[in-house]
Structure formats: structure tokens, C-alpha cells
Amino acid sequence: MAQIFDRSSNALARMSLVLTGLIVIALGVTLDQLQRSPWVTRQGQRADQPVPFSHKHHVTGLGLQCQYCHTSVEKSGYAGIPPTKTCMNCHAQIWTNAGLLQPVRASWATGESIPWIKVHDLPDFVYFNHEIHVNKGIGCSSCHGRVDLMPLMYEENTLQMEWCLSCHRNPGKNLRPTGEIYNMAWQGPSQDKPVWCGTAGVKDGVPTAETVSCTTADPSAAGAQVASLNMLPAGFNGQTTASDAPAQTIPASLNYVKFTDQESLGNFLTQQYHIRTPQELSSCETCHR
Amino acid sequence: MKENAEGAEKVDSRRDDSVDLHSQRLDNNSDMTNETSNGRNNPVAIQPAAAKALTLEQARAKLTGKTGKKYWRSVDELADTPAFREMVEREFPNQASEWLDPVSRRGFLKVMGASLALAGLSGCTKQPDEPIYPYVKQPEDLVLGRPVYFATAFPFPTGAVPLLVKSDAYRPIKVDGNPEHPYNHGTTDAITQATLLDLYDPDRSQRILHRGEVQEWAAFLAAFRAMASDKKASGGTGLYILSGTVTSPTLAAQWKRAQQTYPNAKWIQWDPVNRDSAYAASKAAFGDYYDAQYRLEGADVIVSLDADFLSGIAHPGFLKLAADFAGRRKLTSSQEMNRLYAVESTPTTTGYKADHRLALKASEIAAFAAALAAAVGAPAAGANSTWGTAPQQKFLTALAADLKANAGKCVVIPGEQQPVAVHLAALAINEALGNAGKTVVYTETVNPMPSIQGDDLRALVSDMQAGKVDWLVILDANPVYTAPVDLHFEDALGRVKTVAHLGSHLDETALLAEWHINSAHYLELWSDARAYDGTVSVVQPMIDPLYDGKSAHEIIQSLVDLPNLSGYEVVRNNWSGSLGGGDTEQAWRKVLHDGFVSGSAFQPKTVSPKVNGLPVAPAPGEAGTLEVIFRPDPHVYDGRFANVGWLQEVPKPVTSMSWDNAALMSFKTLSRLGLAEQDVITIELNGNKVLAPAFAIPGHPDDALTVYLGYGRRNGGRVAGGLGFNAYAIRTSSATLFASGAKVTKTGKTYEFAVTKSHYQDHRSPSAGGDGSGNHSLEGNEAFTRGIIRYATLDEFKKEPNFAHEVADVPEDPEPTTTMFSNWRYDKNAWGMAIDMNSCVGCNACVVSCYAENNIAVVGKHNTQTGRIMQWIRVDTYFEGDLDAPRAHFQPMTCQHCENAPCEQVCPVGATVHSPEGLNVMIYNRCVGTRYCSNNCPYKVRRFNFLLFSDYETESLKLMRNPDVTVRSRGVMEKCSYCMQRIVAAKIATDKENREIRDGEVVTACQQACPTGAIVFGNINDKESRVAKLKAQQRNYGVLADLNTRPRTTYIAGVINPNPELDAARREHASANS
């Protein structure tokens, strides 16, 4: 009786075994990639907003400061979405007939909110708090990216748990002087652009800004300049970089240390800002309750 | 399979004789939504451990042979019936983990839909777009995400509760006591906590109705003012106003002004639970109405004559009394511990807390009081020196001796639900012992218009019957439901030309009124009220009226010269003159900010009562005649909170019963009447009948039934509908407190309760520390053998301060090194809790506070019966000793946050883990619902969402939620988190300031609500913290700590202070039994 399967089917059988394995692996990899893909995370997607608001125009073009609109970012968990009133402060005077602004004028006239679509949307069981991040040296751009270069707002990062944890397990890599929080172009210290930080000694019970002073201009070059650092034009696109502290609270004779890389600055700030340990920061109750 | 079949059979047989107590029950629509309608009585209820055949003799037999401290949780356990054994074989009582609900086609589709969604890719799908609706004009001082706190007060007939309300984006989300107020210092009670849900109750009346048609407020005002101008000529003849007890000085002032124009108009106050006895006694003794304020901080001996001053605000002055009582029992001050004697009818937490308790029928208390008065030398004509049985006489003699020895340092408190004679006796005793001015002072009344409400209501009804009433304005009262049955209020209402009703719900009265005006909740309106000490609080709105409700001020103002003033203007104008000189605006703002007018507390009057002989107390009925005692329900009060799911669901103190009332009686009476628990009986009293299920409670006097008011609502709302029976149906105007001569007949039907006292079972093998038989409740079995309850008398404590650690048969707590797991290190904070068993009075304030803070779902009666109740903290009651005269211990039980947590080690998905600060945290989004953790928890404090209990749909309930706590969905385990959201908020606030969290900066919700300060929370690494100091006491012990769980919550062992003379008798009794 002839064989139903000839010898070549052995190879086919082996191949199909291998193929099955490969398909299973491929399926796993696909699913794994899928749940990290922009389709799920919405990373980089521009939502269809009622008004095509351009952060680029308002921040880079006009020089509005973040807190002009996001007023509660330093004092509350929510950064705050501006009320229609904030828009109308200017747009009652300029572009009063622009078609794009029709929803804003309608909101102002009817008292109905402008129905924005949330771009940075965390699941409801995750509790993120802006206030503590901003006060402890995490800048806007660390999470939101170069908002000043975004004509339409999109999500720069995935906002997935692995992304949160990557920083909570090693917060030093993203810390910056609190005076640079709103500096969209901040890139950390380097050999070309070192950062000098000085402290008035570690004190408990006072806000960080009153004990630590950082500057991007060499303080040894001109001691008196420290006092007027606030005014110094620096950074990108003519934005000013504020010093950490009101000049009068920091003695001029601080011991400034020069930092040329993020790691050493991160370590210094972790200590100065009393950043909790990675163990504490990555404990579940930090974000889930 | 066999078990299932049996279970199914049981369902069927139960269904046959299950009975509906309501002949007039409304038709249900079957679409249930959680907090609104789950409460409906479900006819197919699974039976928790019926102990049908238990007789008193059997129970006694169980108790004999047990020496000394033997604890039990329920009689089922004592009886050890097969049904009970069957129940405890399971992890959860009954069939909590199985689907036994009647499945409708619609419900089936709903569940299957949900399952399919779960089975699908719900974990992998993307979230839907979420909109953001920013303000158009944001209020200037609003920081979204930061709560704001406003001071106000909750007006209640017995005096206002001063409050500080947490408001998130101007939505009130938590109601707590005002910490700066001199009366309550930040404490609250269960009812006040639950008024939050009352505000967001979706069943609230939302419109003004005229003969059932929606009408405008202006139309009502037009009609009302037309009547008012017509009546001017006659001085208001025919205009009657019927309200609940008035607590607002402004309302009283408005009425005073209106009376100038309408001298013949009448204002009647009626609350079914009122202070008539106290006022009548005061009128008789002083010639005027006064309130008695008891100063327990100076009292060494306290006697309660049926005064339940430790279980809730139904007793006037509760918050201060409870705090002062507990203050003298913490053993921290140099002052000696106080001693409480309770002579009471219905068992209450006050009686169970007492060092000595004597159970008497309500009608016998007057005789006891008169005898006591005679014994201490007060004028007491009605006293019968040969009163009582020998043990009762012994009690009386010892008590009288103790009182005389502590003259001027003792106090006798009469019960609000006792007749005038008892109040007069208390006045006479306090006067004779020189307590007046020391432990009791007399002040003007909190009620600005004190009256004898029962008499007034009777007069009103006779005027109504006579056709003299043209307009009856009913303000926040529900007389059709609450009026004594013999007055036939409903019929009389038909003879009134126009009835206008202001009320929060479309209740029994609203449906019969021509006009119904939806009232504003107290969190929505301007008013004022006095706390029981007299301090005035301004009630300010926390939120714009959700349904444009109106207040009594706005209606009564129509009778005054400036009819269009708003509630705000009325209140403001009333106080503008009396806030002291200087800047009125400044003073007013200070009052609103502080929440009270400082220095407005009543000054004691220099009056002394003249009690010229007590009225002869009625001879107690012959043995065998049944007495019915009417009591306000500990939670729903007179029925006004019947639609509040939190209050319905939280098991009531003493009975551990939720969702129902019952005919409560002693075990002896139960067997004498040939009844078993759950039998439905007909109570016939003076020709009126009501169907009620029987329920026995330890310590109830024999030959008496207690019925709680407030149930059997016809039109109470979706939650209240179909629950319990209406005790008002047998309450007549001549006997509103208690009545004798009741006849009880058995109907042969049964009714199922939701009683939680035996819900938490233990069935570990002997090798694991259990007794292996599995037929005990966890607590009852182990309370004794494992030292869950530890207490000593004051003398024993003085001799052996370390008594809490020298419990026979209980192994010492193992050393921290005896574990195969490495120990945790806590460098900074280590959160812990200490609960003082001496201070806890079992009032349930903590439980309701926890519901509000942690978004806990209400599951309904049926699910409570099957053991699915979701509360994170419960108050366990342990009975000890004799069935008729038990002692009870209250133990708040919640997640112990073990350092060696058994739950953490068995979770397969890491959903419950240990935090660096020692919290045992629950990660909902990781939980897959294996329930291993609950299985492995020795304290049975974990709660599983067997069904979708959280209401995600009802709009008004969304406003109520705490935004800082996840609303849990189906299939997720949850438990106490030590109010982690508050810890994290404190950490963020202090991290910003680069400092450590100070002691007292984190307060848990249960701690905040506790009226006696029994719960203390804090950082145990900080040796100066209050909690660390408490834990350093020798009385500190951990429950089941010998399992090496190392609980972070520990208990401070109780110390009681019995009278040595009576205590000896107790011991003899105990040894005779053994």
C-alpha cells in the first residue's frame, strides 16, 4: 500500500510546527506592540478639537507663560483648563470676527462650556498630581514635550504605567532646577551649557526654592549678577529663565557647584529637593487609591 | 451538587411562606439601580441560619458550664443548630459566591452583556474620548482639585449639629463636625454623616405641585398671599401652621412678627419623637420650660433612667454627653473613672456600655425612679418601698448608697421616651443630692417655641374635624404617616379647605396636600439653629438648590411686612443687630467663617425645681400582659431618613439588623409566646393591628415588645419602600411612649431579616489555630479562646496593669523574627491605629463616615443577607454572660494592616501589596477576583464586589462621590485603606514644605467622625505621636496577634468600673453557673 504522505511531508510537518511556534510568537509580539501603539495610547494623535488652538502660536509666537492659562498647576492636582473668560481677555479685542473662534464667542454668549477633548487622559483609577511634580523639579516639557512647538496639541508620551515608572524608579534623570520648570527648551546641563547650583544649607520646613539657587550663568564671573538673574535673557527664542529664588532671600556668597551632566545634577537635586526614594515613589498607593 | 439542590429546595420552600408585611405595597418596577432601589425587599431571600427550635432552656444549657468570660455573637451559635453549621461551612455566609438571585430575562441579558464585554478585550481596548468642560467664568477663589471647607449646621429636633462640610468644586462631598465649635469639637454621629446621601437622594421631590400638576413658585405665593390678605381682617383665624420641632431662632422671630398681624393664627409643632415628657416635667417643676444640660465631666456616678444618651443624636446633647462620658473612661487623666448604671427597657448601647444594667419594662421605670428618689431622700410620695424583686431591690439599695456617697458628683438622666413621672423623679433626685449647678444645669430651651406637641396636635385635629381650619401649612413634617393612629389625621385632613405641604419627598402627606412645595435640603438653604448647648450656628448653603427647593423661611416671610425677602436676607437681618457693635459685615463674615456666634451658649439659670411629691406611678401591669415600647429607630429615626441607603444598610447597634425593624423581645418572652425568631406575628393594641416579625435580643425585659418607628413607609421612596412594618399603626395619642395590653398572635408565616452578626465565620483546622468544627462565628469562638475581647475591672486593672497580656490559653505574640519572610523596614512613617475599647460606644458614626469618604456601595437587603455587604469598617458586638442580663463589648473591626499580612502572600497577581509605610494596599485594576486574600484573612475584613454594586448611572449620586477614591466595579476586592487618599494628600502638602507629616495631620474618616475619640491614627515611628503613646500602654493588644500577623491596628483593652457590692453578686452568679 502506497504511503499517503511521502517523505517530503516530514519536512512540511516540521515546518508547520516551526511556523505554528512563530505564529504564536508573532501574535504575542503583535498584541504586545498593539497595546503600546499610538492606536491605543493616542500618542502623537491630534484630537478633533472644537477650536484648533495652537500652543505654538500662543507660547512661542506671543510669549504667553504656561500659568497664564493653566493657573492651578503649582497648587492643585489639576493644572487647570482655562475658562472661556481667559480666551476672551484678548479675543474680545483681537480677531473678534475670526471664524475659528466662533465656538469661543458662542460659549461666552451662551454660558455653555467649550467641549474640549482630553488629550492627556489617564484611566480613572490613576491619580496624577501636577502640584507635587512641578514643585519638585519636573518641568512641563518632561512629560508634555515641546508644547511650544505644537501647532495642535498631542500627547508626546504614552502615559502608560511603564513610562511613569521609568521616571519614578530613577527620578534624578528628569530633575531640573525649579526655576526652569516652565522652560520648554531645557535640555539639562552639558559641557557647553553648565548649570551652577548653590544652597544655603539644607533646611527642613521651608520650600525648596528658598534654599536652593540654580543659574545657567557663571555666578563667579560677576557676583552681583546673581541678584539680577531674573532679568537675564537666556534660553531659547528669547524666553527668560527665572532664577529659583527671589534675589533677596539668597545670600550672594553661596557655594555654587558646577554641573555639566544630568546625572550629577539629578543626584544633587534629589538630595536638595527631598525627593522620596524610588521605593516609595513606585509604591502602588502613590498613584492608585 | 447535593448542596446546590438543597439550596434550591430551600429557596422554594421559603418562598412559599415568605410574607410581605405590606398590604399597600407599591408596585415595583424591576429595573434596580443601586443606592436608589436595591433596598427593596426581595421576596426570594436566602435564609441565614435559622435557629428555629432554640428554646431558652437550650440556650441556657449552652451557657452553663462556661466559666467567666464566655462570649457569643448570636444565639444561633449557642444553639449550634444544623442550619448554623451548614452556613458556617462556607467562606462567605450562605451562598454569597453563587448566583441565586431570581434571574429575569432582562437581567440575564444585562449580565451576559457585561460578561461578554469582560471576556472581550476590555483590558486592551482604548478608552473613549473624554470631554473637558471648563468654566466659562471661573470663580476667582476656586482652585479646582482642592477641597474647600465651609461651616454650617445640621438642624435636628434635639439641637443642631455644627458642621464643617468638605466641598469639591462647590459640591458638598463630606459632612463632618466643626472642630472649633465649643459643643461638639468636630464630632458627628451616624445620622448627620448620612445626610449627605439625603441631599443627593434621586427620589427627592423636584417640583412644586398643585393638585398633582406642576406649578410655579409664583403661583403658590400668589395663592398664599391672597389668603394672607383675606385673613388680615380676622387676625388669621383659620390659618394653621404645622411644622416639625422648630430649631431656628430666625423662624421663631419671623413667626413672632407674623403674629402681630395674625394673632389668631396657630403654629403647631409635631414630631412623633418629641420632648413632651421633659417639657411637661419642667413646666410642673419650674413653672417654665427649661432644658437640662448634664455635665458628665464632673460626674463620678451616672444613672440612666432609660436614657439612651450614648447611641445617637436622638438623645438631646448626645455629642457632648458621649464625649464627656468617654473622657472619664480613658484612664489617662488623674480623675477617677466614672461609673454608669443603666436602668432601661429596650436594650441600647448605653445599657450595654453600663457597668451595671437593670432591665425593666418601660412602665416599671417610673416606679423604680420613685423608689430611688425615696431611697436618696428626695420627696417622693408615690414611692413604694417594697418595690421589686430581691435582686432588683439589691440593685436599688446599692445604687442609692453609691449616689449618696457621691452627692454633688453624680447625676441622674431621665430618658426622653419615659413619662413625666420619671423626669420629675430625676429632677427631685438631682436636687436632693445637690447635683444642680454642678453636674446638671438648667438653661432655656433649644427650641425657641417649646410646647407640648402631643396636646397641640390633638387640639389641631379637633379643630380640623370641626372644620375650623381653612389653610393648613405643613412645614417639613409628615403627619399623615407619623400622627397617632387614633387621631385619624388623614380623615381630618380631608376637612381642611387648603393644605400646603413643604417637604423633601413626595411622601404620604404630600400626596394628600393641595399644594406640595419641594423643600431645600439643609445643605442648600439659609437658616440658623442652636446646638444643644445653645450656641447659635448659621446654616449656609453649600450648593445651589438642586431642584430649586424652598425653605420655611421663604413661606413664612409672606406673612410678614417684607414678603419678598430671600432666606438669606431674613437670616442676616435677624442677626444683624445682635452680633455685637462695630463692623456688622465683619462680624457676620466671622460668624459664617467660624460656623457659630461665639459666646452665644446658654447661661445656666439659677432656678431650682419644686417637686412636691411624685405622681403615683401606674402599677405595673400584671405579669403576662404584654407591653409595647415605641422607640425611634437608631438609624432612620422617625422615618425621615428611611430613603437613605447608608442608614438602612449599616447594621443597627444591638440588633445588628439592617434594612428592617422587628418586634424585639426577650428570649423568655419569645418562648413563652411559642414563637421563633422570624415568625410573623400580629400585634393587636387597642383594636389596632400590625403584622411584625419577631426577633429576640439579649437583655430585653420580659413581657414587652419594642418596635422601632420609621418603617413601613407607603411613599418613602425607592429605598424605603417595602421595608419593615409601620409601628405608627398601633401608636395612639394617649400612649405614644409605651402601651400595655398588647395581644400577639402567630400568623404561621415567616419573614427574613438581614442580620449581620454571624456573617464572619471561621473554619480553620486545629493545626491552624481553629477548632476545626467550623461551627462558630469567628468572633464568638475566638473572643474567649483567643482573647479578642480583653477587659478587667478597675480593681483588677490596678492590681495587674498588664492584664491584657496575661490571658489564659492565649499564646503570647511571637517575636518578630519568627517568620520565614524578611521583615519590613520602615524608615520614615509607619502608619498605625489604636482603638480604645473603653471609649467605643458602638454608635456606628465611623461606619457611615467611611461610606461617604470611600464611595462604598450600598448592596440592598437581599445582598446583605447573602453576606455581600460592602462596609469597610464594622462594629462587632460581643455578648457575654447571661442571656437575660448580658454584658456587651463593641469592637470596631476593619483592615488591621498586618505587617505580616496573610492576604499579601496569596494574591496571585500582586493586587494586594505592602507599602513602604506599612499600609496593606489594594490595587483595584490588578485584582482579578480570585478572593484568595479574603479566604486567608483571619479578620474577615475584605469585601468583594460580587455584582456591580456601584451606581455609575444616577446623575445626582455622581456629584456625591469623593473624587480622590476610585469607584469600584464588579469583580474587585476592596477593604479599608486607612484613608490612603488623605495620607497621600498630606504627603504632597508636606513634601512641598520639605517637612515631615506632623501628628494629627492625617485623620482617617472613622477617627474624624467618632464622637468619643475612640479611634486614634498616626505615625507609630514617631514616639511622641498620640497613637504611639497609646500603643505603649500596657492595655494595648492586637487581635489574633498570636498568628504573627502583627496588626498595625491594635486595641486598648477595656476596663469596667463595677460597684464592688453588686459585682460580688455577679461573680457568685457566674460561679453558680459554672
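Treat the numbers as computed from the prediction; the structure is a model and nothing was measured. (Residues numbered from 1 in each chain as written. Chains lettered and ligands numbered in written order. Predicted model: local features only at pLDDT ≥ 70, side-chain atom pairs only at ≥ 80, totals over all residues.)

The number of helices and strands found in chain B is 34 helices and 42 strands. Considering chain B as a whole, with its 1074 residues, one finds that 58% of them fall into the buried category. Of all intrachain contacts in chain B linking residues separated by at least 6 positions in sequence, the fraction that spans at least 24 positions is 75%. (Helix = DSSP H or I, 4+ residues; strand = E, 2+ residues; numbered from the N terminus. Buried ≥ 20, exposed ≤ 12 C-beta atoms within 10 Å, placed from the backbone. Contact = placed C-beta atoms within 7 Å.)

Once that is clear, we can look at the overall build of chain A. Secondary structure summary: chain A contains 11 helices and 4 strands in total. Taking all 289 residues of chain A together, the buried fraction comes to 30%. Contacts in chain A between residues far apart in sequence, at least 24 positions, make up 71% of those at least 6 positions apart.

Next up on the list: the interface of chain A and chain B. Counting from both sides, the interface comprises 45 residues of chain A and, opposite them, 38 residues of chain B. At the level of elements, α2 (38-41), α5 (84-91), α6 (102-110), β1 (116-117), α7 (130-135) and α11 (278-281) of chain A are the ones that each hand at least two residues to the side of chain A that touches chain B. Top contributing element to the side of chain A that touches chain B by residue count: α7(A), with 3 residues. In terms of residue class, the side of chain A that touches chain B is made up of 18 nonpolar, 17 polar and 10 charged. Taken together, the 2 bridges between β1(A) and strand β2 (residues 131-132) of chain B define a ladder with antiparallel strand orientation. Following the sheet pairing, Ile117(A) is matched in β2(B) by Pro131(B). (Nonpolar A, V, L, I, M, F, W, Y, C, P; charged D, E, K, R; others polar. Pairing = 2+ DSSP bridges.)

What tends to happen in soluble globular proteins is that the nonpolar side chains get buried as a cluster. Residues Ala369(B), Ala425(B), Val628(B), Ala663(B), Ile683(B) and Leu705(B) are the most contacted members of the largest nonpolar core, which totals 297 residues. If you tally residues by element for this core, the top one is helix α13 (residues 365-375) of chain B, at 11 residues. One finds Val73(A), Tyr182(A), Cys197(A) and Phe259(A) within the second-largest nonpolar core, a separate group that totals 20 residues. (Core = buried A, V, L, I, M, F, W, Y, C linked by C-beta atoms within 7 Å.)

The next subject is the sheet that holds strand β11 (residues 301-305) of chain B. All names here are of chain B. One open sheet accounts for 4 strands, arranged β13-β12-β11-β14; its pairing is parallel. Here the strands that pair on one side only, and so sit at the sheet edges, are β13 (356-359) and β14 (410-414). Each strand axis lies, on average, 10 degrees off the axis of its neighbour in the sheet, ignoring direction. Where strand β12 (residues 339-344) lies against β13, 4 bridges are found, and the strand directions are parallel. Pairing of Ala-342 across the sheet is with Arg-357, part of β13. Sheet contacts for helix α15 (residues 420-432): β11 and β14; angle to β14, the most-contacted strand, approximately 170 degrees. (Axes fitted to C-alpha atoms, helices over the stretch in contact; angles between N-to-C directions.)

A separate point is the environment of Lys137(B). Tracing the backbone through its elements, the reader meets Lys137(B) in the loop between β2 and β3 (148-154). A residue is classified by how many C-beta atoms lie within 10 Å of it, and Lys137(B), with 12 of them, is exposed. Setting aside chain neighbours within four positions, we find Lys137(B) in contact with Pro83(A) and Lys85(A).

Turning our eyes to something else, we now look at the sheet that holds strand β25 (residues 688-696) of chain B. Residue and element names in this part refer to chain B. In spatial order, the strands read β21-β26-β23-β25-β24-β27; together these 6 strands close into a barrel with mixed pairing. This sheet shows a mean twist of 45 degrees between the axes of neighbouring strands, independent of strand direction. Pairing between strand β23 (residues 663-665) and β25: 3 bridges, direction parallel. Its bridge partner being in β25, Met-665 is matched across the sheet by Ala-696.

This part covers helix α14 (residues 390-405) of chain B. All names here are of chain B. Given a rise of 1.5 Å per residue, 16 residues ought to cover 22 Å, and the 22 Å separating the end C-alpha atoms of α14 matches this to within 8%. Listed as buried for α14 are Phe-395, Leu-399 and Leu-403. Around the axis of α14, the buried residues are gathered within 60 degrees of arc, so they sit on the same side. Turned more than 90 degrees from where α14 packs its buried face, Ala-390 and Ala-405 sit exposed. (Expected span 1.5 Å × (residues − 1). Arc of directions from axis to C-beta.)

Turning to the environment of Leu251(B), a few remarks are in order. Residues and elements named next belong to chain B. As for its position among the elements, Leu-251 is in helix α9 (residues 249-261). Separated by 682 residues in sequence, Leu-251 and Cys-933 place their C-alpha atoms 55 Å apart. For Leu-251, the contacting residues outside a window of four places in its chain are Val-246, Ala-552, His-553 and Ile-556.

What follows covers the packing of α5(A) against α6(A). All names here are of chain A. Contact geometry for α5 and α6: axes closest at 10 Å, N-to-C directions at 115 degrees. Viewed along their axes, α5 and α6 adopt a mutual orientation that is roughly perpendicular. For the pair α5 and α6, the crossing hand works out as left-handed. Contact with α5, carried on its side by Thr-84, Cys-87, Met-88 and His-91, involves Val-104, Ser-107 and Trp-108 of α6 and no other residues of that element. Residue classes in the contact of α5 with α6 are distributed as 4 nonpolar, 3 polar and no charged. (Parallel < 35°, antiparallel > 145°, perpendicular 65-115°, else oblique. Left-handed = near helix turned anticlockwise from the far one by under 90°.)

Low pLDDT marks stretches whose predicted atomic positions should not be read closely. Residue and element names in this part refer to chain B. Mean pLDDT over chain B: 82, with 82% of residues reaching 70 or higher. pLDDT under 50 marks residues 118-122. Its contacts with residues more than four places away, or in other chains, come to 1 contact. Both scores are given for the predicted complex: the pTM is 0.86, the ipTM 0.85. (pLDDT = per-residue confidence, 0-100.)

Residue and element names in this part refer to chain B. The sheet contact formed by strand β21 (residues 626-631) and strand β27 (residues 738-750) spans 4 bridges and is antiparallel. Residue Val-628 lies in a different strand from β27, and its bridge partner there is Ala-739. Sheet analysis places strand β24 (residues 679-685) next to β27, joined by 5 bridges and oriented antiparallel. In the strand pairing of β27, Ile-681 is matched with Lys-746.

This part covers the packing of helix α7 (residues 190-199) of chain B against helix α26 (residues 845-853) of chain B. Residue and element names in this part refer to chain B. Contact geometry of α7 with α26 gives a least axis separation of 8 Å together with a crossing angle of 20 degrees. Taken together, the axis directions place α7 and α26 in an arrangement best described as roughly parallel. α26 is crossed by α7, and the crossing has left-handed handedness. The segment α7 lies against α26, with Ala-190, Gln-193, Ala-194 and Leu-196 engaging Ala-845, Val-848, Ser-849 and Ala-852. Its residues assigned to classes, the contact of α7 with α26 comprises 6 nonpolar, 2 polar and no charged.

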